[in-house]
Amino acid sequence: MMNNRVITGASLLLMLLIASANADGLLSSLRDPRTVVEKKEGAVVMDRRELQELKERALLGAEFMLFSSCIGLKANVCKKIIDRAHKMAPYKFGNANRVHYKVERVRDPIDKKDPAFHPNDLLLIQDYWLIGIRTNFEGTYVAGVDDAGKVEYNYPWCMADETALGFTCYDLGPWDCSGGLTWTECCDFAKAQVTDRGIALTDLHGNVLECYDSPPPISKDDPVDYGRVRLRVDKGNVVVQAPKNG
């Protein structure tokens, strides 16, 4: 009987060790959802409630972060800054093993001071007359490009006149839409500031200045990933907007 107890106790201890190791493996696999199915075999079987609790524990302390110091830097330099932040506090990145970067090229700006510029250049840009207003994930208020309600318009707004060139172009914005404004309220505010400057809302091409809501690029098919950082760069691979994880 004594031997049976010893064997049973040892077996129980071994089972606990295996279960613990498997649980650690499942937690690690949750950092990359594509490997969860592959690692199911031999792992501890959990119901949906337990699995959700495990995910929440893995994301404990994760947060959205804005890396404003990257603006104007080359993408590879920016990555080093973010990688250092990840090394110091990986939990803020959802305990991802490493930062996953998504580099996105932005449209080249049009410089009205360029001697070769002509208002007809704007016609090459689809919907140039629309102001993109970045909202929060729920679309309930304006977050702006800096999470502080800042809204920008990056194209010249040109009017026909009697000058030697036959037109005059203006810089519009930026606008401060902080304080919980909705995107439609922000749009009305922006247009009111334009007309207050004596600038018409209809340009020399007959297009009317309007707005559209631009929520963060997150969807059910592309959910929040605290370990992912989007880098928006220009043609010189220079960061033009503050990168943000998520």
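All values reported here derive from a predicted model rather than from experimental measurement.

## Thoughts on the nonpolar core
Counting 26 residues, the largest nonpolar core has Ile 131, Ile 133, Val 151, Tyr 153, Trp 157, Leu 172 and Trp 175 as the members making the most contacts within it. Mapped onto this core, the elements with two or more residues apiece are β2 (130-134), β4 (157-160), β5 (167-170) and α4 (183-196). Looking at which element gives the most residues to this core, the answer is α4, with four residues. The contact partners of Ile 133, leaving out residues within four places of it in the chain, are Val 142, Val 151, Trp 183, Cys 186, Cys 187, Cys 211, Tyr 212, Asp 213 and Ser 214. In terms of nonpolar packing, the next biggest core, distinct from the first, is built from twelve residues, Met 65, Phe 67, Cys 70 and Leu 231 among them.

## Description of the packing of aromatic side chains
Taken as a whole and assessed by the stated rule, the structure comprises six aromatic pairs. Ring centres of Tyr 128 and Trp 157 lie 6.4 Å apart, and the angle between their planes is 50°; this geometry places the pair in the tilted category. Of this pair, Tyr 128 sits in the loop between β1 (100-105) and β2 while Trp 157 sits in strand β4; the two residues are 29 residues apart in sequence, bridging distant segments of the chain. Its relative accessible area of 1% is what places Tyr 128 among the buried residues. Trp 157 sits in the buried class, given a relative accessible area of 0%. Measuring from ring centre to ring centre gives 5.8 Å for Tyr 153 and Tyr 155, while their planes differ by 80°; the resulting arrangement is edge-to-face. For the pair formed by Tyr 153 and Tyr 155, the shared burial category is buried. Among the aromatic residues, ring-to-ring pairing joins Tyr 128, Trp 129, Tyr 153, Tyr 155 and Trp 157 into one connected group. In this structure, Lys 244 packs its charged tip against the face of Phe 64, placed 5.2 Å from the ring centre.

## Digging into the pattern of salt bridges
Between side chains of opposite charge, a pair can form as their charged atoms come close. Taken as a whole and assessed by the stated rule, the structure comprises five salt bridges. Note that Glu 104 is salt-bridged to Arg 232, the shortest N-O span being 3.3 Å. Of this pair, Glu 104 sits in strand β1 while Arg 232 sits in strand β8 (residues 228-233), and the two are 128 residues apart along the sequence. A salt bridge links Glu 152 to Lys 150; the nearest nitrogen and oxygen atoms lie 3.3 Å apart. Take Glu 152: its relative accessible area is 29%, and that puts it in the partly exposed class. A cluster of three or more residues bridged by salt bridges with shared partners is formed by Glu 104, Arg 230 and Arg 232.

## Structural notes on the confidence of the model for the chain
Looking at the chain as a whole, its pLDDT mean stands at 79, while 73% of the residues score no less than 70. Overall, residues 1-46 carries pLDDT values under 50, and its contacts beyond four positions in sequence, including any with other chains, amount to 23 contacts.

## Things to note about the state of the cysteines
Under the definition given, this model contains four disulfides. Covalently, Cys 70 is tied to Cys 78 through a disulfide, its sulfur atoms 2.2 Å apart. Handedness of the Cys 70-Cys 78 disulfide follows from its S-S torsion of about 95°: it is right-handed. Each member of the pair, Cys 70 as well as Cys 78, carries the same accessibility label: buried. The disulfide that involves Cys 187 links it to Cys 211, with 2.1 Å between the sulfurs. An S-S torsion of about 85° defines the bridge between Cys 187 and Cys 211 as right-handed. In this pair, Cys 187 sits in helix α4 while Cys 211 sits in strand β7 (residues 210-214), placing the two residues 24 residues apart along the sequence. Like Cys 211, Cys 187 is buried. Here the disulfide map of the chain reads 1-2, 3-4, 5-6, 7-8, the bonded cysteines being numbered as they appear in the sequence.

How each quantity is defined
Residues numbered from 1 in each chain as written. Predicted model: local features only at pLDDT ≥ 70, side-chain atom pairs only at ≥ 80, totals over all residues. Heavy atoms only, no water. Core = buried A, V, L, I, M, F, W, Y, C linked by side-chain atoms within 4.5 Å. Buried < 20%, exposed > 50% of the residue type's maximum accessible area, 1.4 Å probe, protein only. Helix = DSSP H or I, 4+ residues; strand = E, 2+ residues; numbered from the N terminus. Contact = heavy atoms within 4.5 Å. Phe/Tyr/Trp six-rings, centres within 6.5 Å; stacked < 30°, edge-to-face > 60°. Lys NZ or Arg CZ within 6 Å of the ring centre and 35° of its normal. Salt bridge = Lys/Arg side-chain N within 4 Å of Asp/Glu carboxyl O. pLDDT = per-residue confidence, 0-100. Disulfide = S-S within 2.5 Å.

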